[in-house]
Amino acid sequence: MRVISFFKSVKLAVALILILAASSVVGTLFPQNMSPHRGVEAYGQGMYRALEFLGIFDLYHSGWFVFLVLLLALNILICSLSRVRRTYRLTTWKDSVDSGGVPSGLPLRRTLKIKTPADAMWLKLGVGLARLGFRANPVADGDLRLDRGRPGRWGPEISHLGFLVIIAGMVVGSLTGFKGVVDLAEGETEGQVYERSGRAVSLPFEIRCDDFEAVFFDGSMRPKEYTSWLTVIEDGQDLFQRKVEVNSPLKHRGYWFYQSTYGRIGPAPGEEWIRLMVRPENILMDLEIGKKKALVDTVDEIELLRFEPDFVIGENRQATSRSEQLHNPAAQIRLYRDGEPLSEQWVFSEFPGFHPPADETHTFDLVDFGFREFTGLQVARDPGVPVVWTGCGLLILGLILSFTVQHRRIWIHVESRGSETDLSIAAGARGGLRRFEESLDEILETLGRRRDREEGARS
Amino acid sequence: MSATLVWVSVMVYMVATAVYLVRVVSRGERWGKIGRGILIGGLGFHTLSIILRWIDSCRLVAADRPEGWLGRIGFIMENAPLANLYESMVFFSWSIVLVYLLFDRKYGIPALGAAVSPLAAMVVGLVSVLPGVSGDLVPHIPALQSYWLTIHVVTCFLAYAAFAISFVASIIYLSRKWDRVKPGEGMSRRTLEDINYNVATVGFLMLTIGIVTGAVWANYAWGTYWSWDNKETWSLITWFIYASLLHARMIASLKGKWMAVLSIIGFGAVLFTFFGVNYLLSGLHSYL
């Protein structure tokens, strides 16, 4: 019981909320998810270890932060459960045994003698209050209970439920969801994506990038829009194609694909081509892989042997590519004289004039080459998202009800004295009663009353 | 034209400030009404300036205007002038005046006018002081090309404006030493506490909607509804502070004075969410 009364306290809620706020501030002062290498560099070995132990570098997912959030959730749950019963009774007039009469201790109270018979008075009062939206609940002869705005009383319960549902949705998401990225070159098909940790995750379908396009604002590198055309493939069959832009993702089987980045990589195997500037003639020449072409003004021939987008000298002093990115594009070309290989050389886009002339008369600059655009997609699957949206909806609905709909209750007790009537009326509400007081007095004014005694609003 | 009108409205707000100050000194209710009239006039210029800029902003990318009325509405929504610091400051100032006038209509709070009008003028004035704030019209980058931009930013700024008014009420609350005031001596602490609470509830509802619409948009644009980006986190911190303020009213020992203190801290968090995060921290909201 003591535990429950501890968790029932609003003070605990306020304390937890402020502690969570302060902790969140700490999280914005330290870089989150930084690499250990950079962390040690910035804070020193010992300090980094200590902060790491406290979970400072992934604060919002650290054990203690999650614990605080769950503690707040428990607090809210217990507060709400203990309130639900009370709210139910308040909205159904079951909060006390009603023995007739008007209870004391309410913020608004009027006692008057009226010079009309009870029946006529009831009619006027009833119509007036009905116009204000009050619903009547008769108790006994001469007693009436009216109220309006019941949903307002449920507002806090609904918004607290919404908050709990949001947290539940976040828990579902973190337990069952996943986030990853995949880079797709034009024409490429992939069935796996990669988590931030580098772990590959297989999709239950495949995805192909048919085309990619980046459009820039006139005369600048400021991107206007970038668009991928993606096709979803299941069991080897093309299912459908969809255009994916920033702010317009592709959704399939709970997986969402978002346009995130873009870039260029080397061409597909067998589709390499280059454009050479042949000097001293200054003539441009296009070469496709595996096709010999006559070199200008000579009987010699030239051929593109291979193209490497990110040229490095690898193990065994072999030329290779470090990646598919166009970091150091290089092409190997071979010259033929009388059909026999004469010489070979590498030409580099980044380092023109790196090699001596191959046939002692000509030099070649690599000025252009075939490439593919790739689209960088973010992939997410989060079954908790609909739960979170439900919670957000409840939270907002609850707040609107709490702040705009006021639950007001009226107790009326009438004693008939022939042609005169004694009327006692009292009202209570969640929040203030100032405006209602004015409306009530307007109604009472029409009853043809004789004012005897009046108590002002205490709220 | 639009920029000139903004400065005209700033001048008008300064005049309104002077009139409201006369009201405070002379205790003449007449001055409060004049101040309100001037403030409404200033809001008129301000509104016109925002509309003109909105039209310019749409014209800038008129070539991409889609067909159909639904597409047109989306296009207009997308190009609302709310996409950089200059535009958002101008809108923030506008929201403060609008929200103040609405609350003034409901609760009758001319006493706050002497503080709210210069605050509105100051927010626009900051535009010319802060580094890197440019009034140039530039087309929106892809991440901002969404009608969610307008919904998200408008709700957030209406919340910030309400919090600004709650802040002003709290400052006055803490400077009042007496609980009951004689007629003509201004508002009682009781009234100020009610105003603080009522205005904060409206701000809290708006901030909640602002954060939720931001999450919906983030889910569309970034693939996750919440990424603990610095701006998101600070908006949540602000939300926490006002949540505690609303609950503090139920605790006798925190009612009144501590609510005012929380409102002041909360507005500090609002300002940090808006300026501090941009100037001191990094994050996904780099464009604003």
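Look up: the structure comes first, before these words.
Source: prediction; values computed, not measured. (Residues numbered from 1 in each chain as written. Chains lettered and ligands numbered in written order. Predicted model: local features only at pLDDT ≥ 70, side-chain atom pairs only at ≥ 80, totals over all residues.)

Colleague: Would you mind going over unusual backbone geometry with me for this structure?
Modeller: When glycine is set aside, most residues are seen to have a negative phi, and most peptide bonds are trans. Of note, the amide linkage connecting arginine 279 of chain A to proline 280 of chain A takes the cis form, showing an omega dihedral of 10°. Within the secondary structure, proline 280 of chain A is located in the loop between β11 (273-279) and β12 (283-288). In this model, aspartate 235 of chain A sits at a positive phi of 50°, which is unusual for a non-glycine residue. Of note, aspartate 235 of chain A is situated in the loop between β7 (223-234) and β8 (237-245). You can call aspartate 235 of chain A exposed: it has 7 C-beta atoms within 10 Å. Phi is positive for tryptophan 228 of chain B, close to 55°, though the residue is something other than glycine. (Helix = DSSP H or I, 4+ residues; strand = E, 2+ residues; numbered from the N terminus. Buried ≥ 20, exposed ≤ 12 C-beta atoms within 10 Å, placed from the backbone.)

Colleague: Please clarify how the interface of chain B and chain A should be interpreted in this entry.
Modeller: A common way to express how large an interface is: the accessible area buried when the components associate. On the side of chain A, 36 residues touch chain B, which itself brings 34 residues to the contact. Residue contributions to the side of chain B that touches chain A peak at eleven residues, all from helix α8 (residues 230-248) of chain B. Along the lines of polarity and charge, the residues of the side of chain B that touches chain A split into 23 nonpolar, eleven polar and no charged. (Contact = placed C-beta atoms within 7 Å. Nonpolar A, V, L, I, M, F, W, Y, C, P; charged D, E, K, R; others polar.)

Colleague: What am I meant to see in the pairing of strand β5 (residues 189-195) of chain A here?
Modeller: Residue and element names in this part refer to chain A. Across two bridges, the pairing between strand β4 (residues 178-185) and β5 is antiparallel. Bridge pairing in β5 links glycine 180 to glutamate 195. Where β4 folds back on β5, the antiparallel hairpin that results is connected by three residues, among which glycine 187 adopts a positive phi of roughly 90°. Pairing of β5 with strand β6 (residues 200-216), which is carried by five bridges, proceeds in the antiparallel orientation. Looking at β6, one finds that threonine 189 is bridged to arginine 208. Between β5 and β6, which pair antiparallel one after the other, the connecting turn spans four residues, and glycine 198 there sits at a positive phi close to 100°. (Pairing = 2+ DSSP bridges.)

Colleague: Quick question: what am I supposed to make of the sheet that holds strand β13 (residues 293-294) of chain A here?
Modeller: Pairing between the strands of a sheet comes from backbone hydrogen bonds, and it takes one of two forms, parallel or antiparallel. Spatial ordering of the open sheet is given by β13-β14-β17-β18 (chain A), a layout of four strands whose pairing is antiparallel. Because the sheet does not close on itself, it has two edges, and the strands there are β13 and β18 (340-348) of chain A.

Shape descriptors only; they carry no functional weight alone.
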